[in-house]
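# Understanding the architecture of this molecule
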Amino acid sequence: MIDDESPEAEAPADPWSALLPGQEFVPAYLTSRFAAQYRVIVDVLLAEQDTSLTGLSYDEVAAGIRAHLAARVPEDVVDRLLADEVLHLDKRLERLVQWRVLTRWQEPARSGEDFLRRRDRYQLTPRAAGLHVFWSSVDDTEEAAGDLTLAPRAIHERLVAFAESVRRAVYTAAATEFQQIGAMHLAMATAARGWQRTLAHALSGGPDPAKQDLLWQTLRSYLGMWGEQVDVHTPRIAELLVELGPLLTPEVWRACVRAALGADVDEELVAAQAARWERTWEALGSWFSGVDSQARRLRRQLRDLVAPWARNMNLLLDTGGAVTRRAELLALAVAVERAPDDDSAWRIWDTAVGAFSARHLLLASGSTDEHDVSWSAAPPAPVTARFREQGARAAVGRRTKIPDYSTGKNAARRARLAAQAARGSAEAALRQRSGTRLAEWGAVTDAELDLLLEFVGVVRRTRSESAVTGDGRWRITLRRPPHLHDTTTLRADSGSMTTLNWYFGMEPA
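Below is a short write-up of the structure. No experiment lies behind these values; they were computed from the predicted model shown.

### Let's talk about the overall build of the protein
Scanning the protein for helices and strands turns up 19 helices and nine strands. Counting the 509 residues in the protein, one finds 33% classified as buried. For the protein, the share of sequence-separated contacts (at least 6 apart) that also reach a separation of at least 24 residues comes to 64%. When the accessible surface of the protein is split by element, carbon and sulfur atoms take 55% of a total near 32700 Å².

### Here we look at the sheet that holds strand S2 (residues 102–106)
Ordered by their spatial adjacency, three strands build an open sheet running S1-S3-S2, and the pairing between neighbours is antiparallel. On the outer flanks of this sheet lie strand S1 (56–57) and S2, each paired with one strand and no other. In this structure, S2 lies alongside strand S3 (residues 120–124), joined through five bridges in antiparallel fashion. Note on S3: the bridge partner recorded for Trp-105 is Arg-121.

### Section: the nonpolar core
Counting 43 residues, the largest nonpolar core has Phe-162, Trp-281 and Phe-288 as its most contacted members. For this core, the secondary-structure elements that each account for two or more residues are helix H8 (152–167), helix H9 (171–202), helix H10 (209–225), helix H11 (229–244), helix H12 (250–261), helix H13 (267–288) and helix H14 (294–319). Examining the composition of this core, we find that 11 residues originate from one element, H9, more than from any other. In this view, Phe-288 contacts Ile-155, Met-188, Trp-226, Thr-234, Ile-237, Ala-238, Leu-241, Ser-293 and Ala-295; residues no more than four positions away in its chain are not counted.

### Some points on the packing of aromatic side chains
Within the structure shown, the criterion is met by 10 aromatic pairs. Between Tyr-38 and Trp-99, the ring centres sit 5.3 Å apart and the planes meet at 65°, which makes this aromatic pair edge-to-face. Residue Tyr-38 is found in helix H2 (residues 35–48), and its partner Trp-99 is found in the loop between helix H5 (89–98) and S2; the two are separated by 61 residues along the sequence. The same class applies to Tyr-38 and to Trp-99, which are both buried. Ring centres 5.3 Å apart and planes at 45° place the aromatic pair Phe-178 and Trp-277 in the tilted group. On the criterion of sequence distance, the pair formed by Phe-178 in helix H9 and Trp-277 in helix H13 is long-range, its members being 99 residues apart. By the burial criterion, Phe-178 is buried, and Trp-277 matches it. Linked through ring pairs, Phe-162, Phe-178, Trp-253, Trp-277 and Trp-281 together constitute an aromatic cluster. Here the basic side chain of Arg-92 rests over the ring of Phe-34, its NZ or CZ set 4.3 Å away from the ring centre.

Rules used throughout
Residues numbered from 1 in each chain as written. Predicted model: local features only at pLDDT ≥ 70, side-chain atom pairs only at ≥ 80, totals over all residues. Heavy atoms only, no water. Helix = DSSP H or I, 4+ residues; strand = E, 2+ residues; numbered from the N terminus. Buried < 20%, exposed > 50% of the residue type's maximum accessible area, 1.4 Å probe, protein only. Contact = heavy atoms within 4.5 Å. Areas by Shrake-Rupley, 256 points an atom, 1.4 Å probe, with all protein chains shown as cover. Pairing = 2+ DSSP bridges. Core = buried A, V, L, I, M, F, W, Y, C linked by side-chain atoms within 4.5 Å. Phe/Tyr/Trp six-rings, centres within 6.5 Å; stacked < 30°, edge-to-face > 60°. Lys NZ or Arg CZ within 6 Å of the ring centre and 35° of its normal.

Listed below in structure tokens is the structure:
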């Protein structure tokens, strides 16, 4: 048996402990190698406190341990666990006494038989009992805090009754209502702290199924306890707090406390209790008053939980507990991004995915029309075994000719040059007509008419008489005739245009 489980062996003592609270031995039973045995002993003694305050004798502790185990494991396992070579109950109890977990005393001997039997009795110390209750209830914090009476609707109803009692100066009823409000406030703060601790833990580090379950349980607890009631009842509670504020003077608080404690209570005790109730009232204000109140901030925290929860679920579903290639894909993406050029990036990609560079095979198409089909839309060409062995030499048939587009390209170039020449001539002709009205022009060429229409459009878009052409070379002026009925018609080979008899000006810009 290894007996090195005592924290007292640590030395030297911390100098801080001479001035501040230091080492505590009570929690040592939770971290010992024999914590399972110690916890069963403490569980048995703690359960006994519900019915008796006189502790347990040694024999009663042993019987309680057997009953505790029998309710949880098979009978043969109980016998094995309680074997002398496994459980040293004397040593376990002695160690708990040393750690100040247990108090031990002896019953007085009232008969001769008492001198022959073991008269030790054991009881948990208050601090050990409190610690074990707390430790045992840690996992049940959310469930216990999820009492529906903590909902904002219940708080609002109690506040309404409290306000009515204060207005009618019925301080006994007011004190009763406010005591319920205080209990709700305490449980409300406990629940909020539990939720926030759970959120802080579950959102830190990488996601795992246990953290996801914690987040989901926290979200469900909040929805069951608060949910939409925050939005519905928070404004009403805030209004009541503001409305009652001026009425709750120190005298009213003391009257409420004295109604709850009695008329002959010490004034100092009344003042202390009234101060506590005032602090509770101020805490309620911080919870429900203002746009940045605790209730609304908690609601926003829980609302913002949905997105990371869903993201973590997607991550877990993607991996599915199997090996993920995320790291390799990210490394490949970085390598492709840092490639000096596109060719290098494609080589990295082909190497990573095991692909080979494209090979263009000179296969004869079935007809000349297939040259117009895009490679992405064309059906795959069959590659025979002979072609794979002999390459292009295996191609049969006459190689199709590449279409000759030179004639069309030459014609297009000539047409473009002719259009440029015609436009240059039209510019020269209109430049000569500058300073005249359209009625004086007579017949015009098609190029002149087209260029005039372009100039009219440029000027009319500016909603003024003058504008500069898009190429910045000419300033065109079109001035209306004195009479609106003064019109004219310009005729060209391609058609005619009837318009106002504009004054036309064309000057270098």
